[in-house]
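Each chain is listed here by its residues.
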Amino acid sequence: MIDYAFIALCLVGFAIFMYVILDGFGLGVGILFPLMSESEQVILLKTIAPIWDGNETWLVLGGALLYAAFPQACSIILPAIYMPLMLMLCALVGRGVAFEFRAKAERTKARWARCFFLSSLVATFCQGVILGTLVEASANSIDLAKHTGLLILSPFVFICGLGLCFGYALLGSGWLIIKTEGELEKKVRRFCISLYMSVMIILVAIMIITPLKLPAVAKLWFEYELWTKFSIIILYFSGIFVAFWKTLKNSQFWPFFGAVWTYFGCFLMIGYSFFPNLLPNRSYQSLAAHETALTVVVWASLTLLPLLLSYCAYAYWVFWGKVDHETSFYE
Amino acid sequence: MLVLSTEILSRLQFAFTISFHAIFPTLNIGLAVFLVYWEYQYLKTDSKFYLKLCQFWMKIFALSFGMGVVSGVVLAYELGANFSGLIAYAGNILGPLMLLETMTAFFLEAGFLGIMLFGWNRVGKRAHFLSTCMVSMGTVISLLWIMSANSFMQTPVGYKVFNNTLIIADSWIPVIFNPSFILRALHMLIATLLTTSFFVMGVSGYFFFKNKDVLFAKASFTPALYVALLLSILQVFSGDRVGLMVYKYQPIKTAAIEANWQTKNSAPLILFAIPDIKNRVNHFEISIPKLGSWINTRDLNGVLPGLESVKQEDLPPVAAVFYSFRVMVGIGLWFIFLASWGMYCKRRHQLVRQKLFLYAIMLSTPLGFVATIAGWMTSEMGRQPWVIYKIMRTKDSISNLPAEQVLTSLTIIFILYLFFFYSYLRFVRKVICEGFDKKSKVLLSSIGDSDD
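Residue positions within a chain follow its written sequence, with the count starting from 1. Chain letters start at A and ligand numbers start at 1, both assigned in the order the entries are written. pLDDT decides what is reported in this predicted model: residues at 70 or higher carry local features, side-chain atom pairs at 80 or more are listed and counted, and totals for whole chains, interfaces and linings draw on all residues regardless.

## Focus: the overall build of chain A
Here is step 1: Scanning chain A from terminus to terminus reveals 13 helices and two strands.
Here is step 2: Our radius of gyration is a C-alpha quantity, and the globule rule it is checked against amounts to 2.2 Å times the number of residues to the power 0.38. For chain A, whose C-alpha radius of gyration is 20 Å, the value lies close to the compact-globule estimate of 20 Å for 331 residues.
Here is step 3: The buried share of chain A, reckoned over its 331 residues, is 49%.
Here is step 4: Residue pairs qualify as contacts under a 7 Å threshold applied to their C-beta atoms, which are placed from the backbone. Long-range pairs, those at least 24 residues apart, make up 77% of the contacts in chain A with a sequence separation of at least 6. For the purposes of this entry, the term helix denotes a DSSP run of H or I that reaches at least four residues, the term strand denotes a run of E that reaches at least two, and both are numbered from the N terminus. For every residue, the other C-beta atoms within 10 Å of its own C-beta are counted; 20 or more classify it as buried, 12 or fewer as exposed, and values in between as partly exposed. C-beta atoms are placed from the backbone.

## Some words on the overall build of chain B
Here is step 1: Looking only at helices and strands, chain B features 15 helices and eight strands.
Here is step 2: For chain B, whose C-alpha radius of gyration is 23 Å, the value lies close to the compact-globule estimate of 22 Å for 452 residues.
Here is step 3: The C-alpha extent of chain B, read off along each of the three principal axes, is 70 × 50 × 40 Å.
Here is step 4: Within chain B, the fraction of its 452 residues that count as buried is 50%.
Here is step 5: In chain B, once contacts between residues fewer than 6 apart in sequence are set aside, the share between residues at least 24 apart is 74%.

## Digging into the nonpolar core
Here is step 1: Only buried Ala, Val, Leu, Ile, Met, Phe, Trp, Tyr and Cys residues enter a nonpolar core, and they are joined through C-beta atoms within 7 Å. Within the largest apolar cluster, 240 residues are counted, with the highest numbers of intra-cluster contacts made by Leu-65 and Ala-69 of chain A.
Here is step 2: Among all residues touching Ala-69 of chain A, those that are not within four sequence positions of it are Ala-8, Val-12, Ala-288, Ala-289, Leu-294 and Val-297 of chain A.

## Here we look at the pairing of strand β5 (residues 281-288) of chain B
Residue and element names in this part refer to chain B.
Here is step 1: Here strand β4 (residues 269-276) pairs with β5 via six bridges, running antiparallel. Across the sheet, Leu-269 pairs through a bridge with Ile-288, a residue of β5.
Here is step 2: Linking β4 back to β5 in an antiparallel pair, the connection comprises four residues, with Arg-280 at a positive phi of about 60°. At least two bridges found by DSSP between two strands is the condition for calling them paired.

## Describing the packing of helix α5 (residues 82-104) of chain A against helix α2 (residues 48-82) of chain B
Here is step 1: One way to put it is that α5 of chain A packs onto α2 of chain B with a least axis distance of 9 Å and a crossing angle of 175°. Between α5 of chain A and α2 of chain B, the angle falls in the class roughly antiparallel. Side by side, α5 of chain A and α2 of chain B meet where Tyr-82, Leu-85, Leu-89, Leu-92, Val-93, Gly-96, Val-97, Phe-99 and Glu-100 of chain A of the first sit next to Ala-62, Leu-63, Gly-66, Met-67, Val-69, Val-70, Ser-71, Val-73, Val-74, Tyr-77 and Ala-81 of chain B of the second.
Here is step 2: Amino acid classes used here: Ala, Val, Leu, Ile, Met, Phe, Trp, Tyr, Cys and Pro are nonpolar; Asp, Glu, Lys and Arg are charged; the rest, including Gly, are polar. Residue composition of the contact of α5 of chain A with α2 of chain B, by class: 16 nonpolar, three polar and one charged. Interaxial angles span 0 to 180 degrees and are taken between N-to-C directions of axes, which are lines fitted to C-alpha atoms, for helices over the stretch in contact. Reported orientations rely on four angle classes, namely roughly parallel under 35 degrees, roughly antiparallel over 145, roughly perpendicular from 65 to 115, and oblique for the rest.

## Observations concerning the pairing of strand β2 (residues 166-169) of chain B
All names here are of chain B.
Here is step 1: With burial as the criterion, only one face of β2 is covered, namely that bearing Ile-167 and Ala-169; the residues Leu-166 and Ile-168 on the opposite face remain uncovered.
Here is step 2: Pairing of strand β1 (residues 159-162) with β2, which is carried by four bridges, proceeds in the antiparallel orientation. Of the residues in β2, the one forming a bridge with Phe-162 is Leu-166.
Here is step 3: Where β1 folds back onto β2 in an antiparallel hairpin, the turn is made up of three residues, including Asn-163, whose phi is positive at roughly 55°.

## Looking at the interface of chain A and chain B
Here is step 1: If you look at the interface, chain A gives 54 residues, while chain B gives 57 residues.
Here is step 2: Counting only elements with at least two residues in the side of chain A that touches chain B, the list comes to α3 (52-69), α4 (71-80), α5 and α13 (291-318) of chain A.
Here is step 3: For the side of chain A that touches chain B, the leading source of residues is α5 of chain A, giving 15 residues.
Here is step 4: Its residues placed into classes, the side of chain A that touches chain B shows 38 nonpolar, eleven polar and five charged.

## Here we look at the environment of Ile-146 of chain B
All names here are of chain B.
Here is step 1: Looking at the secondary structure, you find Ile-146 in helix α4 (residues 125-154).
Here is step 2: Take Ile-146: there are 18 C-beta atoms within 10 Å of it, and that puts it in the partly exposed class.
Here is step 3: The spacing of Ile-146 and Phe-181 is 35 residues in sequence and 9.7 Å in space, taken between C-alpha atoms.

## Here we look at unusual backbone geometry
Residue and element names in this part refer to chain B.
Here is step 1: Cis geometry is found at the peptide bond from Gln-384 to Pro-385, where omega equals 10°.
Here is step 2: Mapped onto the elements of the fold, Pro-385 is located in the loop between α12 (367-382) and β7 (386-388).
Here is step 3: Unusually for a residue other than glycine, Arg-280 sits at a positive phi of about 60°.
Here is step 4: By the element assignment, Arg-280 lies in the loop between β4 and β5.
Here is step 5: In the Ramachandran plot, Arg-298 falls in the positive-phi region, its phi being about 65° despite a non-glycine side chain.
Here is step 6: On the secondary structure map, Arg-298 appears in the loop between α9 (291-297) and β6 (303-304).
Here is step 7: In this structure Arg-298 comes out as exposed when scored by C-beta crowding, with 10 C-beta atoms within 10 Å.

## A word on the environment of Gly-24 of chain A
Residue and element names in this part refer to chain A.
Here is step 1: Tracing the backbone through its elements, the reader meets Gly-24 in helix α1 (residues 4-31).
Here is step 2: As for Gly-24 and Phe-237, which are separated by 213 residues in sequence, their C-alpha atoms are 21 Å apart.
Here is step 3: In this structure, Gly-24 is in contact with Tyr-168 and Leu-171, ignoring residues within four places of it in sequence.

## Quick word on the confidence of the model for chain B
Residue and element names in this part refer to chain B.
Here is step 1: For chain B, the mean per-residue pLDDT works out to 88, and 96% of the residues sit at or above 70.
Here is step 2: As a per-residue measure, pLDDT reflects the predictor's confidence and takes values from 0 up to 100. Taken as a whole, residues 440-452 scores under 50 in pLDDT and shows 17 contacts with residues more than four places along the chain or in a different chain.
Here is step 3: Confidence estimates for the predicted assembly give a pTM of 0.90 and an ipTM of 0.89.

## Concerning α3 of chain A
Here is step 1: With 18 residues, α3 of chain A should cover 26 Å at 1.5 Å per step; its first-to-last C-alpha distance of 26 Å lies within 8% of that length.
Here is step 2: The element α3 of chain A is largely enclosed, with a buried count of 18 among its 18 residues. A helix's residues, less one, multiplied by 1.5 Å, set its expected span.

## Brief notes about the confidence of the model for chain A
Here is step 1: For chain A, the mean per-residue pLDDT works out to 86, and 95% of the residues sit at or above 70.
Here is step 2: Least confident of the elements in chain A is helix α9 (residues 215-222) of chain A, whose mean pLDDT is 76; most confident is α1 of chain A, at 92.

## So, the packing of α1 of chain A against helix α11 (residues 254-274) of chain A
Residue and element names in this part refer to chain A.
Here is step 1: Relative to each other, α1 and α11 sit at 145°, their axes nearing to 11 Å. Of the two elements, α1 crosses α11, and the hand of that crossing is right-handed. Within the contact between the two elements, α1 uses Gly-13, Phe-17, Val-20 and Ile-21 and α11 uses Val-260, Tyr-263, Phe-267 and Gly-271.
Here is step 2: The class makeup of the residues in the contact of α1 with α11 is six nonpolar, two polar and no charged. The hand of a helix crossing depends on one turn: near helix anticlockwise from the far one by less than a right angle means left-handed, and clockwise means right-handed.

## Digging into the environment of Thr-295 of chain A
Residue and element names in this part refer to chain A.
Here is step 1: Residue placement: Thr-295 occurs in helix α13.
Here is step 2: Since 16 C-beta atoms lie within 10 Å of it, Thr-295 is described here as partly exposed.
Here is step 3: On a C-alpha basis, the gap between Thr-295 and Thr-133 in space is 31 Å, while along the polypeptide they are 162 residues apart.

Structural data, given as structure tokens:
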């Protein structure tokens, strides 16, 4: 007997993780935008121009998977996070539009650059707020179905929003180290180093606040198999430290993959803390779609995902390498 | 008196965002097909001329595609956020259809779009052509899935009710290939190609008018003209089949389209009227006897269903359905005339000199979009008050949100979208003003149509 619901849950997780990494560095590049001169901004845009459409598609995939595999969860979560969700979507529209127009504008370059930065920042912050709201609601067993349209404002939610801004900026700077060279690369590396430090501070803060605030999570974290957990945490942080050290030593790929590792750890931590609940006090099984839908979801994903991953990878491979002023994609 | 309830606001927001979104895929699906043709010419002739032609249209394609992607993401999430009842009730069927669309179409488009737009120097000509084909294929596949999902909501079959709380697929093949899917998908595909060909002709007409880049404009105009003439005629037949299908499966929609209040034999075709929904009559009616029955039943004495059996609160917005249908058909007929006129001018080698025709073709550039959206309005408002025909009422699909929140999001979206659309038009104008060939403008601009 195959547990279709569990596979579907993993697929949703995978799609969201891919979105966070891929569009995350795109949004991060947007957040770093005001720190760059106008000629540097052009290079920044060139590094993400051929791939940002594809990256955003992962958000649609995450949504579609959630609709198809967990329609009940969807119908509760989405109205509950209505305002931050709509704001995020508006910001994503603004960002896409600003991106296209910034590349083609002449007189209004500065305006579209500001628009690109602001919309990237708002979209990221809203994503953090959504995450924070869901974690907060799950931890406090708030019934989301009755809290439709209510934005739970708390310091924790705010920290999540802020944390994600730093986190995406870290991903963005890691990406830019891979894609740029010369003075710009040195500059981005300096940002990357300080971002590593801020992200680690925020991470430690969240890991201290969460168990203090949420007894259920504290119980889960500190009750049994303490040594196994402790060694995993040590492994996790030493991974980040190695990436940080390699960043100082001018490594090309470690900064980016260190950031990916950081996200991967956070993902597992959230998953571990709340599994098998998808919503407050509602397990993923109780929210899963009927088998007629789940089988389509699972088999379609398992056959099509390798295919679409391969041509996404092909698109990245085609545009592999450093980008500079001479690299012209047009004509 | 219009009360700004959550239902009204949610529907208004969805109608606005989807109409805005619809513009871009309509243009892109057609434009992608034309791009495949032009790039094939480039591959065959290996001439810089076709390369520049492709690159010009790709600039417009790129602008529109970006707009399409981001406005589409909004729709996907709006569906769950504002219409959570629909997802809870029919998510088991609509969800997998949307998932399949994402996996088979969106990734194909988005993955190869980068190579198509920016990869000219990075991949070989054949690989580039293949990428363009993939993008084009992706747009068409996307159209097929979304038409399937929407057609299921119009003519649902192959489902069964589970636990009295939701519907699940009994068998996927009838769900996907539901009775209205193929006809409506075909109708929409022709509509996108038709809209794009008039868009291409309108833009090319501007170059003829300005006597600038005339050779490029001609190479764009000619295939668009052939497509327009062929498809504008074909669309009459496809629309007719859709009409017969609607008569069979959604007779109330037919009655609303014809503004027919009483069921009757030998019903006239009403050309113009002001439907009065309160008193259930038409004012100022102009009609052709018996034609309404013939169009819908192929029999001059056939029975045309009326709205009499429908309770007042269950009536679709008759006037809106009636008018939007006539806007669509009117534009369709105008397109046949315009395409024939264009062909006549072309045969007599007078394209560049026929100022009146050039004016007409330029002014008709946006009409295809108007017709497409009007057609969608007919189709979507005609099935009200149902969101899934005869299964789920629209009012039951609405999320339990405070009206202020929806009003806030609607206001933000409305202002942002208008601003972005204005900017979009300005940038499209800029691309058009720069022309096909920035560098050797002098060389080509002075050539008239003497070689035609």
